[in-house]
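Breakdown of the fold
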Amino acid sequence: MWSSSAVARNTAVLLTISLLQLARGSPVVKSGVINYSFPDDFIFGVSTAAYQIEGGWNEGGKGESMWDTFLHEHPTFTVDHSNGDVAADSYHHYMEDIEMIKKLGVQSYRMSISWTRILPNGTDNNINQEGVKYYRTLFEELVKANITPVVTLYHWDMPTPFMKLGGWTNAKVIDYFEDYARVAFRLYGDLVKMWLTVNEPHEGCLSGYGQATLAPAMNSHGLGIYLCTHNNLLAHARVYRMYEKEFKPLQKGKVSLPFESAWAEPHDPNKADDVEAAENYLQMHLGMFAHPIFSEEGDYPRVVREKIDNMSRLQGYSRSRLPYFTDEEVKALRGSADFFSLNHYTALSNTPSAMESYFKVPSLHQDTGVRILVYPSWPKPFIRWQYLYPQGFRKLVNWLQNKYKILKEIPIIITENGFADFGGIEDYDRVDYYNDFLYQLLLAIHEDGCNVKGYFAWSLMDDFEWIDGYKHKFGLYSVDFNSPNRTRTPKLSAYNYANIVRTRRIDFDYIKRPEGLNTIALK
Ligand code: NOJ
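What counts and how
Residues numbered from 1 in each chain as written. Predicted model: local features only at pLDDT ≥ 70, side-chain atom pairs only at ≥ 80, totals over all residues. Heavy atoms only, no water. Helix = DSSP H or I, 4+ residues; strand = E, 2+ residues; numbered from the N terminus. Rg over C-alpha atoms; globule rule 2.2 N^0.38 Å. Buried < 20%, exposed > 50% of the residue type's maximum accessible area, 1.4 Å probe, protein only. Pairing = 2+ DSSP bridges. Near = heavy atom within 4 Å. Polar contact = N/O pair within 3.5 Å; in protein donor to acceptor, adjacent residues only side chain to side chain. Areas by Shrake-Rupley, 256 points an atom, 1.4 Å probe, with all protein chains shown as cover. Nonpolar A, V, L, I, M, F, W, Y, C, P; charged D, E, K, R; others polar. Salt bridge = Lys/Arg side-chain N within 4 Å of Asp/Glu carboxyl O. Disulfide = S-S within 2.5 Å. Expected span 1.5 Å × (residues − 1). Bend = angle between axes of the 7 residues up to and from the residue.

A few words on the overall build of the protein. Helix and strand content of the protein: 19 helices and 14 strands. On C-alpha atoms alone, the protein measures out to a radius of gyration of 22 Å, which is about the 24 Å that the 2.2 N^0.38 rule sets for 523 residues. On the principal axes, the C-alpha backbone points of the protein span a range of 70 × 60 × 45 Å. Going through the 523 residues of the protein one by one, you find that 63% of them count as buried.

Where burial is concerned, the two faces of strand β8 (residues 340–343) agree: the one with Phe 340 and Leu 342 and the one with Ser 341 and Asn 343 are both buried. Sheet topology places strand β6 (residues 258–260) next to β8; three bridges connect them, and they run parallel. Residue pairing across strands places Glu 260 opposite Asn 343, the latter belonging to β8. Relative to strand β11 (residues 412–416), β8 runs parallel, the two being bridged by four bridges. Looking at β11, one finds that Leu 342 is bridged to Ile 414.

The ligand sits among Gln 52, His 155, Trp 156, Asn 199, Glu 200, Tyr 345, Trp 385, Glu 416, Trp 458, Glu 465, Trp 466 and Phe 474. Side-chain polar atom of Gln 52 to an oxygen atom of the ligand: 2.7 Å apart, as the coordinates give it. Within the side chain of Trp 458, a nitrogen or oxygen atom sits 3.3 Å from an oxygen atom of the ligand. Relative to its unbound accessible area of 300 Å², the ligand is 94% covered by the protein chains. Looking at the shell around the ligand residue by residue, the class counts come to six nonpolar, three polar and three charged.

In this section: the pattern of salt bridges. Side-chain pairs of opposite charge can arise where the charged atoms are in close proximity. A complete count under the given rule lists 31 salt bridges for this structure. Measuring nitrogen to oxygen at the nearest pair gives 3.2 Å for the salt bridge that ties Glu 140 to Arg 136. Separated by four residues within a single helix, Glu 140 and Arg 136 lie in helix α7 (residues 129–144), roughly one turn from each other. Judged by its relative accessible area of 36%, Glu 140 is partly exposed. Residue classification places Arg 136 among the partly exposed residues on the basis of a relative accessible area of 23%. The residue Lys 248 makes a salt bridge to Asp 338 at a minimum N-O spacing of 3.0 Å.

Moving on, we come to unusual backbone geometry. For the bond running from Ala 215 to Pro 216, omega is 10°, close enough to zero to count as cis. Following the sequence through the fold, Pro 216 ends up in the loop between α10 (201–210) and α11 (224–246). Note that the residue after Val 361, namely Pro 362, is joined by a cis bond; omega there is -5°. Locating Pro 362 in the fold gives a position in the loop between β9 (347–352) and α16 (364–368). Positioned with a positive phi, Trp 466 is a non-glycine residue whose angle comes to about 50°. Residue position: Trp 466 is located in the loop between β12 (452–458) and β13 (477–479). Although it is not a glycine, Arg 504 sits at a positive phi angle of roughly 60°.

This brings us to the state of the cysteines. With the rule as written, the count across this model stands at one disulfide. In this model, Cys 205 is linked to Cys 228 through a disulfide, with the two sulfur atoms separated by 2.1 Å. When the S-S torsion is -70°, as for the bridge of Cys 205 with Cys 228, the disulfide is left-handed. Of this pair, Cys 205 sits in helix α10 while Cys 228 sits in helix α11, and the two are 23 residues apart along the sequence. Overall, the relative accessible area of 1% leaves Cys 205 in the buried class. On the accessibility criterion, Cys 228 (1% relative accessible area) is buried.

Between its first and last C-alpha, helix α13 (residues 272–294) extends only 27 Å over 23 residues, short of the 33 Å set by a 1.5 Å rise per residue. The sharpest bend along α13 measures roughly 65° and falls at Gly 287.

Here it is, written out as structure tokens:
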């Protein structure tokens with residue numbers, strides 16, 4: 001945590017904060033806002049991912065991942081022609097990262113292992129001891145600092161040799177992912193008790209395999225996307241069951257996988273068709289992944305199965321573009337998560353539409369058959385895909401809680417939520433974002449009885465934002481990407497988040513927006 005003296009040593013911005021801290025009493029709340037607090041067993045954390053912060057792309061014996069290779073071969077893929085070769089250089093600055101996490105006062109740190117840092121070719125016949133040591137030291141230091149590591153095995157950085165063999169469209173890659181996971185559990189399972197298998201399979205498969213907005217930019221919109229989906233789910237189940245059998249009895253950890261979802265609002269909530277369109281959107285984008293694991297009956301949701309099977313038939317395919325699970329696979333998937341890991345950023349609205357001119361044929365969008373809209377009243381501050389509708393967060397959590405009975409027994413943990421801007425440490429908009437979204441989470445917990453037990457802000461620091469390079473920033477800490485030391489500086493949102501973590505309440509007046517500085521008017 002920041003001491004007031006450390007704060008006072010800093011700039012004028014920080015002086016403002018220290019004054020605010022001195023003035024701290026019971027949190028002030030906006031009118032009409034109830035002063036709920038986060039329960040004692042609620043965990044706070046921050047998230048990052050290896051390729052986005054680590055750098056050291058060819059140091060210490062690391063092999064190439066698909067992002068290394070892809071961006072070296074296609075340097076103009078990112079908006080600023082940048083890549084993650086150095087990123088925030090956490091490979092060399094991880095001790096500073098830990099200090100930053102300590103200052104926030106959070107109990108947990110979600111990060112990912114770069115598969116090719118410990119297995120340079122992706123396969124377990126060659127284990128890179130320098131890479132092994134890097135993560136071992138990092139986990140040891142985190143644990144020493146009382147910070148629980150939450151570790152993602154795969155945050156989109158597929159080893160290049162497997163990418164050349166089709167990546168997740170190749171079902172054999174599941175075997176090698178299992179081998180890698182086993183090595184990671186064996187090496188780190190004494191220190192790491194929370195594991196995430198595949199980050200955001202929906203986003204990874206849609207944007208990377210179904211479109212060309214993430215590597216490998218396969219653009220296989222109606223086919224590759226579903227092979228990737230299917231194999232990601234099977235890879236998760238395989239690793240979950242392997243951990244359960246070989247490691248859980250001794251290591252006693254928990255395993256899940258993070259799903260990403262926007263909230264889908266019926267464009268006109270009074271129209272039954274719009275309500276159905278929004279439900280279909282959620283089933284095709286979230287249910288497709290969550291239902292096989294969290295529903296009682298397992299497998300893909302009926303509506304997903306029907307839509308893709310029917311459309312495939314109409315298009316003359318003799319088999320569905322979405323593969324079928326065997327009975328054993330359905331069984332292995334059902335119940336294969338110890339908590340529900342949810343990433344959430346934005347909202348959209350839906351109305352029916354069988355066919356839009358911009359839908360590719362075949363594609364997930366065409367199979368879904370709904371038009372994607374937004375309300376003009378939802379602010380869209382900076383990045384092209386982020387619309388701000390904090391109430392959608394509460395609605396999404398309720399949707400899950402109502403849909404999957406198991407969530408009464410196992411908790412929902414928000415493993416990512418955050419706000420993109422163009423940078424700067426006086427990030428009043430990000431402060432508002434966290435206050436408003438966390439407030440909706442409090443309402444979901446206290447007024448709706450949702451079983452949400454944790455929240456990880458994305459992100460600890462500014463990082464490499466995939467196709468958006470370094471143009472958009474998500475960090476609680478700013479990183480100076482022009483300085484060789486990648487100097488890190490806390491933003492106002494870092495102080496605000498630390499205050500929420502410390503008081504377990506939201507004080508909407510903790511950071512005061514200067515007179516005359518417009519708010520982006522979150523509704
Ligand atoms: C989700 C992804 O997991 C993360 O890598 C990305 O930076 C954030 N969304 C923001 O786009």
